[in-house]
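One-letter residues, chain by chain:
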Amino acid sequence: MSVNTVSARCLAAAAIAAAVVGTVALPASAADHPHQDRAKVEISAVQYDAPGRNDRSARSLNKEWVELTNTTRHEVNLDGWTLSDERGETYTFRHYRLAPRATVRIHTGEGRDTRTDLFQDRHREVWDNYSDTATLRNDHRRFVDDESWGHRHDRHGRDDRHDRHDRDGHHHGGRD
């Protein structure tokens, strides 16, 4: 065996060893810079069919709502985020921060905003009682979460219902 062959083999072995060591070292260096929790806000419940008589009164409209829950340990700034229905009716959050592990209820009608309740100040229903989709987008218009209800069929003609209701008629997230 010539010296060049031995040198070539040694160089190849050294290159492979360096590649393996470099690959193994990547997770350790990544661990030195912990990745922050990404904001996770989800639609946790929907009351799309207000109980009682639908007379477009503030009382009736405020019984129609969507709940959002912050599932992280960090406050999430919802300023500029939107909540919309399939027709494009959109509510835009203004100057609101959702506390860690907190839930906020967004009512359709009029009222005074608080830490736990926000109001769209609308004079008619937003959410269709039979089928609709509530879609949450962040301030960059990127999809965050959605919740659908009613009878739908996917492109294969199968029933695509994945809604879950409690005994009071509230719709809860959850996909089977």
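Heads up: these notes are all about the structure in this document. (Residues numbered from 1 in each chain as written. Predicted model: local features only at pLDDT ≥ 70, side-chain atom pairs only at ≥ 80, totals over all residues. Heavy atoms only, no water.)

1. Some points on the pattern of salt bridges
Next up, step 1: Evaluated as defined, the whole model comprises seven salt bridges.
Next up, step 2: Here arginine 53 and aspartate 55 are joined by a salt bridge, their closest N and O atoms 4.0 Å apart.
Next up, step 3: Classification of aspartate 55 by relative accessible area gives partly exposed; the value is 35%.
Next up, step 4: A salt bridge links arginine 105 to glutamate 67; the shortest N-O distance between them is 2.7 Å. With arginine 105 in strand S7 (residues 103–107) and glutamate 67 in strand S2 (residues 65–70), this residue pair connects regions lying 38 residues apart in the sequence. (Salt bridge = Lys/Arg side-chain N within 4 Å of Asp/Glu carboxyl O. Buried < 20%, exposed > 50% of the residue type's maximum accessible area, 1.4 Å probe, protein only. Helix = DSSP H or I, 4+ residues; strand = E, 2+ residues; numbered from the N terminus.)

2. Some thoughts on unusual backbone geometry
Next up, step 1: Of note, the phi angle at arginine 101 is positive, near 55 degrees, even though the residue is not glycine.
Next up, step 2: Position of arginine 101 relative to the elements: it lies in the loop between strand S6 (97–98) and S7.
Next up, step 3: Despite not being glycine, arginine 141 has its phi angle at roughly 65 degrees, a positive value.
Next up, step 4: Within the fold, arginine 141 resides in the loop between strand S9 (132–137) and strand S10 (143–149).

3. A closer look at the packing of aromatic side chains
Next up, step 1: Per the counting criterion, the structure on display carries three aromatic pairs.
Next up, step 2: Plain terms: the ring middles of tyrosine 48 and tryptophan 149 are 4.6 Å apart, the flat faces sit at 5 degrees to each other, and that makes the pair stacked. Residue tyrosine 48 is found in the loop between strand S1 (41–47) and helix H2 (58–61), and its partner tryptophan 149 is found in strand S10; the two are separated by 101 residues along the sequence. Tryptophan 149 carries the same exposure label as tyrosine 48, and that label is buried.
Next up, step 3: Between tyrosine 91 and phenylalanine 93, the aromatic rings sit 5.0 Å apart at their centres with planes inclined by 75 degrees, giving edge-to-face as the arrangement.
Next up, step 4: On the basis of relative accessible area, tyrosine 91 is assigned to the buried category, the value being 11%.
Next up, step 5: Following the ring pairs from residue to residue traces out a cluster consisting of Tyr48, Trp127 and Trp149. (Phe/Tyr/Trp six-rings, centres within 6.5 Å; stacked < 30°, edge-to-face > 60°.)

4. Topic: the environment of asparagine 138
Next up, step 1: Mapped onto the fold, asparagine 138 is located in the loop between S9 and S10.
Next up, step 2: It is 6.9 Å that separates the C-alpha atoms of asparagine 138 and glycine 80, two residues lying 58 residues apart in sequence.
Next up, step 3: At 2.8 Å, the side chain of asparagine 138 and the backbone nitrogen of histidine 140 are in polar contact. (Polar contact = N/O pair within 3.5 Å; in protein donor to acceptor, adjacent residues only side chain to side chain.)

5. Comments concerning the sheet that holds S9
Next up, step 1: As summarised here, the arrangement of the four strands in space is S5-S4-S9-S10, forming an open sheet in which the pairing is antiparallel. The two strands at the open ends of the sheet, each matched to only one other strand, are strand S5 (90–92) and S10. Here the strands of the sheet are splayed against their neighbours by 15 degrees on average, with no regard to which way each runs.
Next up, step 2: Looking at chain direction, strand S4 (residues 82–84) and S9 are connected through three bridges and run antiparallel. Bridge pairing in S9 places serine 84 opposite threonine 135. (Pairing = 2+ DSSP bridges. Axes fitted to C-alpha atoms, helices over the stretch in contact; angles between N-to-C directions.)

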